[in-house]
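Observations on chain architecture
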Amino acid sequence: MPHYKQFNNIPSMLETDQNQFFESAIFQSTGKSVEIRFMYFITGGCINQSIQLITSDGTYFLKWNEEAMLDMFHKEAQGLALLRANTNMAIPQVLGYGKIGSKSYLLLEFIDSSYPKPNYWQSFGEQLAQMHKNSENSYFGLGHNNYIGKLAQSNEPTENWLEFFIEKRLRVQFGLAYYNGLIDAHYLKKIDVLHKKLEGFFPQESPSLLHGDLWAGNAIAGNHGEPCLFDPAVYYGHREMEMAFTKLFGGFEPAFYDAYQSVYPFQEGFEERKDIYNLYPLMVHANLFGTSYLSGVDKILKRMI
């Protein structure tokens, strides 16, 4: 997943067909014929190739992959649009997506990184809390399926959070890991036991719009030092799921959580629940990157079962 703030300068003399692809993607998305003056490959992504394009008409962010990945870009575009409509945080504007030849692409507004404003973490926490509070959905899920990383994410609407969490999140990822030989069948039986153990475990709350993949790598200080989010895996879910994920890989600054709670306090016991939520991102990482993440899964299951 790309980081806007980490990029490498490369020579501008790339092969002609690649330049034509970049220019065609901009024209197909915006109707503008531009001259590419300079470009930077952006590092940090594990799935797509990404580039900053400096053109005669301004700067763009382009990511691309093989033709088969077009649906992933389509769903990412939908997710970004949904976030832009429901938060004051900076979210890259989608300029277009499509395919050219054997490549699919997503063209976005380029948001450069800068030094965080003095109240960056406070602003981030408050604005995320407002996004979580502003939910008009009566179900958990979304009107369409999408992706987390390159993995399919099932969002079939469910009225009960526990059922959604077990059936659309854990069973899918544990089943994929079993299919790929990463785990054995006794893990699948543990999900049945866990399902029963979690009856009445989660506090009752309305579904919240979630970024869905919120960790430090998918948030930066934008052009003016404001919070900016990208690479979403959106759906309507329990907001504790999102907040637990923010703590999984080191966590955010304390000011973020203090500000969040000042707007939308956690119900009692969140610290005891957060590890259960993180079974999902841990299994996603196991399926994407390998079995080293299963030790965290084992610790959580051992404590709960």
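Bringing the side chain of Ser154 into the picture now. Considering the arrangement of structural elements, one finds Ser154 in the loop between β8 (151-153) and α4 (161-179). By relative accessible area, Ser154 is classed as buried at 15%. When sequence neighbours within four positions are dropped, the list of residues in contact with Ser154 reads Asn145, Phe164, Lys168 and Arg169.

So, on to the confidence of the model for the chain. Residue-level pLDDT values for the chain average 93, and 94% of them are 70 or greater. Overall, residues 1-14 carries pLDDT values under 50, and its contacts beyond four positions in sequence, including any with other chains, amount to 55 contacts.

Moving on: helix α8 (residues 270-277). The set of residues buried in α8 consists of Phe270, Arg273, Lys274, Ile276 and Tyr277. Down the axis of α8, the buried side of the element spans an arc of 160 degrees, and every buried residue falls inside it. Residues of α8 that are buried in the fold lie against α4, α5 (185-197), α6 (239-246), α9 (279-289) and α10 (294-304).

Further remarks concern unusual backbone geometry. Despite not being glycine, Asp231 shows a phi value in the positive range, around 50 degrees. Mapped onto the secondary structure, Asp231 falls in the loop between β11 (227-229) and β12 (235-237). Here Asp231 falls in the buried class, since its relative accessible area comes to 10%.

Nonpolar side chains tend to gather and get buried jointly when the protein is soluble and globular. In this structure, Phe124, Trp161, Phe165, Leu170, Phe174 and Leu198 are the most contacted members of the largest nonpolar core, which totals 70 residues. It is α4 that contributes the most residues to this core, 8 residues altogether. The contact partners of Leu170, leaving out residues within four places of it in the chain, are Phe165, Ile191, Leu194, Leu279 and Tyr280. In this structure, Phe21, Ile36, Ile51 and Tyr60 belong to the second largest nonpolar core, which totals 14 residues.

Take the packing of α4 against α9 next. The N-to-C vectors of α4 and α9 enclose an angle of 25 degrees; their axes lie 9 Å apart at closest approach. When the interaxial angle is binned, α4 and α9 end up roughly parallel. Our pair here, α4 against α9, has a crossing hand that is left-handed. Taking contact as the criterion, the partners of Arg169, Leu170, Gln173, Phe174, Leu176 and Ala177 in α4 are, on α9, Leu279, Tyr280, Met283, Val284 and Asn287.

Before going further, it helps to examine the pairing of strand β4 (residues 58-66). When strand β3 (residues 49-55) meets β4, the two strands line up antiparallel, connected through 7 bridges. The partner of Ile54 across the bridge, within β4, is Thr59. From the end of β3 to the start of β4, which pair antiparallel, there are 2 residues. Two elements, β4 and strand β6 (residues 103-109), share 7 bridges in a ladder whose sense is antiparallel.

With that out of the way, let us pick up the side chain of Thr246. Topologically, Thr246 is positioned in helix α6. Accessibility expressed as a relative area gives 2% for Thr246, which makes it buried. There is a polar contact of 2.9 Å between the side chain of Thr246 and the side chain of Tyr257. Residues within four places of Thr246 in sequence aside, it is in contact with Leu214, Gly251, Phe252, Phe256 and Tyr257.

By the secondary structure assignment, Tyr257 is in helix α7 (residues 254-263). Look at Tyr257 and you get buried, because its relative accessible area is 9%. Separated by 135 residues in sequence, Tyr257 and Gln122 place their C-alpha atoms 8.2 Å apart. The residues contacting Tyr257, other than those within four sequence positions of it, are Met243, Thr246, Lys247, Gly251 and Phe252.

Parameters and conventions
- Residues numbered from 1 in each chain as written.
- Predicted model: local features only at pLDDT ≥ 70, side-chain atom pairs only at ≥ 80, totals over all residues.
- Heavy atoms only, no water.
- Helix = DSSP H or I, 4+ residues; strand = E, 2+ residues; numbered from the N terminus.
- Buried < 20%, exposed > 50% of the residue type's maximum accessible area, 1.4 Å probe, protein only.
- Contact = heavy atoms within 4.5 Å.
- pLDDT = per-residue confidence, 0-100.
- Arc of directions from axis to C-beta.
- Core = buried A, V, L, I, M, F, W, Y, C linked by side-chain atoms within 4.5 Å.
- Axes fitted to C-alpha atoms, helices over the stretch in contact; angles between N-to-C directions.
- Parallel < 35°, antiparallel > 145°, perpendicular 65-115°, else oblique.
- Left-handed = near helix turned anticlockwise from the far one by under 90°.
- Pairing = 2+ DSSP bridges.
- Polar contact = N/O pair within 3.5 Å; in protein donor to acceptor, adjacent residues only side chain to side chain.

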